[in-house]
Amino acid sequence: MRCNRAMSDVQKSDARQSFLDLLHAQRVWDTELPVFDPEAAPAAPLPLFHTWFAEAVAAGQTEPHTLSLATADAEGRPDVRTVMLHDADERGWHFATHRTSAKGHQLAARPHAALGFYWPAQARQVRVRGPVTACPPAESRADLHARSTGALASALVGRQSEVLGSYDELNRASDLAWERARAEPDAEVASWTRYMVEPREVEFFQGDAGRRHVRLRYVRRADTWDRELLWP
């Protein structure tokens, strides 16, 4: 038994080393990257975000409309997941979910969030921080029905973040939801809520192969935006 345990330790060590070798072999930004001149940036962050988003799409970035949403639970412990951007306008950055989900409960207890976009095709990141508000019910309903049949079916399944007894249970609920979504494209989901992050800080990060990254942060001061460069 002592020998078997020793072999197991060796196998664990080999597996760890294989992972580290693979991890350290990865490279980033082995391509020509855009140049970002922060002096030429607009006075407010939204126009720059729209420009960078369009450039990410043009560069072939996969799913540029996805973002990391960070929240905190009632005890202040951080949580993060990937969601979809629904809009970015003068009011703020928008996403949607069930208010009965884990993130819905977290936002009810602590209505602040941070968003993170990563567009590796151009070595760019955008970070947004600020308070979160729930949009009016009419806007949430319009948001849901502007999406695909599949999105409505997923919303009709509901029960997001609850413990699932078996995958068969999900299949049955999903089949029924798809049937209803096709038959009732205007079906309502009371828990579906559109949220808006009001930006207090927005940072734009442009990667550089020589590690001279450009970080431009916008900070909200009353009715104006201050701009400041950050050390990478």
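Quick note: structure is the one above.
Engineer: Any chance you could explain helix 5 (residues 149–157) here in plain terms?
Structural biologist: Think of an α-helix as turning once every 3.6 residues; residues three or four places apart then point the same way. Three or more residues of helix 5 are buried, namely A151, L152, A153, A155 and L156. Looking at the packing, one finds that the buried side of helix 5 touches strand 4 (93–98), helix 4 (137–145), helix 6 (167–183) and strand 7 (192–197). Backbone geometry just after helix 5 places G158 at a positive phi near 65°.

Engineer: Just to check I follow, could you spell out the nonpolar core for this structure?
Structural biologist: A general trend in soluble globular proteins is that nonpolar side chains are found buried together. Membership of the largest hydrophobic core comes to 30 residues, with the highest contact counts inside it found for F49, W93, F117 and V126. Listed by contribution, the elements that provide at least two residues to this core are helix 2 (45–58), strand 1 (66–72), strand 4, strand 5 (112–119), strand 6 (124–134), strand 7, strand 8 (201–206) and strand 9 (214–221). Counting residues per element, this core draws most heavily on helix 2, which supplies five residues. If we skip the residues at most four places from it in the chain, F49 touches L85, A88, W93, F117, W119, V126 and F204. Ranked by size, the runner-up nonpolar core spans 11 residues in total, among them A153, A177, A187 and V189.

Engineer: Explain the pattern of salt bridges to me, please; I cannot follow it from the model alone.
Structural biologist: Pairs can form between side chains of opposite charge once their charged atoms are near each other. For the structure on display, the rule yields 18 salt bridges. In this structure, the salt-bridge partner of D73 is R77, at a minimum N-O distance of 2.8 Å. The shortest N-O distance in the salt bridge between E184 and R180 comes to 3.6 Å. When its relative accessible area of 38% is taken as the criterion, E184 is described as partly exposed. Counted as one network, the salt bridges with shared partners bring together D87, D89, R91, E139, D143 and R194.

What counts as what
Residues numbered from 1 in each chain as written. Predicted model: local features only at pLDDT ≥ 70, side-chain atom pairs only at ≥ 80, totals over all residues. Heavy atoms only, no water. Buried < 20%, exposed > 50% of the residue type's maximum accessible area, 1.4 Å probe, protein only. Helix = DSSP H or I, 4+ residues; strand = E, 2+ residues; numbered from the N terminus. Contact = heavy atoms within 4.5 Å. Core = buried A, V, L, I, M, F, W, Y, C linked by side-chain atoms within 4.5 Å. Salt bridge = Lys/Arg side-chain N within 4 Å of Asp/Glu carboxyl O.

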